[in-house]
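The residues making up each chain are set out below.
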Amino acid sequence: MTTVTVTRIGHACQLIEIGDRRILTDPWFTQTSTYYQGEPVAATVAELGRIDAVVVSHEHYDHCDLDALVAGGFDLGVPLVGPGTVAAIARGKGFRDVRAIEAWEATEVGDVRVTAAPGKHGVHEITFVIQGGGRTVYFGGDSLRVPELDTIPERFGPIDLAILPTNGLCIRPMNLEQVVMDAEEAAELTAVLEPTVAVAQHYAFHSGRLGDQMITKGDQDPRHYADAVARLAPHVDVRLVLPGVPVTVR
C-alpha cells in the first residue's frame, strides 16, 4: 500500500506526500500587520525540497502567497492548480504550468489526480481531492461546510486522510458573518467522510491584537474539533500536530 504523509508547514500550507509525489497546498510563508500565522512556519520556501505540484484553494493572501514562492526561488515550471481566479494571478506572477479547474473537474500530475471539490468562503474557493497509488486525500482549504461535500465518499470511495479547517472564522465588520467551518461543522463533515486519519488546520491564525478586536473572530483551539469528532465519529484518528511534525497514514 502506498504511504501517505502530511506535514503541516503552517496554517493551511501542507506538504502532502503520496508515495514519491510531493504536493504543496495553500502556500503562506510571510506575514503582514493583520495576517499572523500564530505559530512557527516549519520551513522556508528554499527548505521545501522538490515539489511536484502546488494546489491553491483561493486567492486570499494567507492561502496564495505566491510572491513568497517567487522570492524564494521556487521553480515556476511546477504545475499550479487552482480555480480561475487563482490561475489568473499565478500566470501574472510568472508560473508557466497553470491548471484552472472548478468543482468536479480534474487534472493529472504524473500519477496523481487532483480533482476540485466545491467550497464556499468570502471569495470564490474550491477544495481538493488528491488521489494516487490507491490513496485518497481531502484538503478543505478554509471553506465553510457545504452540502455537496457530503457526496465525496460516494464519488471517490474511502478517504485515507482529511485535512479540515476548524476555526469558524467570522468577520466583525460584516456583522460577524461566518466564512470558515467551525469545529462542530468540521466534525460533522469528518463523520460523513470517515477518513482513516483527520488533521486539523487553519486555527492558529489571528489578525493581531487590534485586528482580533475589530476585524476577525475565530476559535484558536483545535481541541474543540478533536472533542467533537470523538463524539460524532469516535473511530476516526484525529491528529493535532505542531508545524513540521509529519503524520503518516499507512
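Here we summarise the structure given alongside this text. Per-chain numbering applies: the sequence of each chain, read as written, is numbered from 1 onward. Since the coordinates come from a predicted model, pLDDT governs what is reported: local features require at least 70, and pairs of side-chain atoms require 80 or more to be given and counted, while whole-chain, interface and lining totals use all residues. Each side-chain value is worked out from all heavy atoms of the structure, with water and hydrogens disregarded.

On to the sheet that holds strand E13 (residues 177-178), then. Note on pairing: two strands pair once DSSP finds at least 2 bridges between them. Only DSSP runs of H or I reaching four residues or more are called helices, and only runs of E reaching two or more are called strands; each is numbered from the N terminus. In spatial order, the strands read E13-E12-E15; together these three strands make up an open sheet with antiparallel pairing. The open sheet is flanked by E13 and strand E15 (216-217), the only strands paired with a single partner. Bridge analysis of strand E12 (residues 170-171) against E13 gives two bridges, and the strand direction is antiparallel. Within the sheet, the bridge partner assigned to Ile171 lies in E13 and is Glu177.

Burial classes follow relative accessibility: with a 1.4 Å probe on protein chains only, a residue under 20% of its type's maximum area counts as buried, one over 50% as exposed, and anything between as partly exposed. Listed in full, the buried residues belonging to helix H6 (residues 223-232) are Tyr225, Ala226, Ala228 and Val229. All buried residues of H6 lie within an arc of 165° about the axis, which places them on one face of the element. Facing away from the buried side of H6 by over 90 degrees, the exposed positions are Arg223, Asp227 and Arg231. As for H6, its buried residues are in contact with strand E11 (161-165), helix H4 (183-193), strand E14 (197-201) and strand E16 (237-239). This arc describes the spread of directions from the helix axis toward the C-beta atoms. Contacts were defined at the residue level, with two residues in contact if any of their heavy atoms lie within 4.5 Å.

The next point concerns the packing of aromatic side chains. A pair of aromatic rings is counted whenever rings of Phe, Tyr or Trp (Trp by its six-membered ring) have centres within 6.5 Å, and the orientation is called stacked for planes under 30 degrees apart, edge-to-face for over 60 and tilted otherwise. Here the structure, examined in full by the defined rule, presents seven aromatic pairs. Centroid distance Tyr35 to Phe205: 5.9 Å. Interplanar angle 55°. Geometry classified as tilted. Residue Tyr35 is found in the loop between strand E3 (21-25) and strand E4 (53-55), and its partner Phe205 is found in the loop between E14 and helix H5 (208-214); the two are separated by 170 residues along the sequence. Between Phe74 and Phe95, the ring centres sit 6.4 Å apart and the planes meet at 45°, which makes this aromatic pair tilted. Within this pair, whereas Phe74 is found in the loop between helix H1 (66-71) and strand E5 (80-82), its partner Phe95 is found in the loop between helix H2 (84-93) and strand E6 (98-100), the two being separated by 21 residues in sequence. Just as Phe74 is buried, Phe95 falls in that class too. Among the aromatic residues, ring-to-ring pairing joins Trp28, Tyr35, Tyr61 and Phe205 into one connected group. For the cation-ring pair, Arg155 lies above Trp104, with the distance from its terminal atom to the ring centre recorded as 3.7 Å. We count a charge as sitting over a ring when the NZ of a lysine or the CZ of an arginine lies within 6 Å of the ring centre and within 35 degrees of the ring normal.

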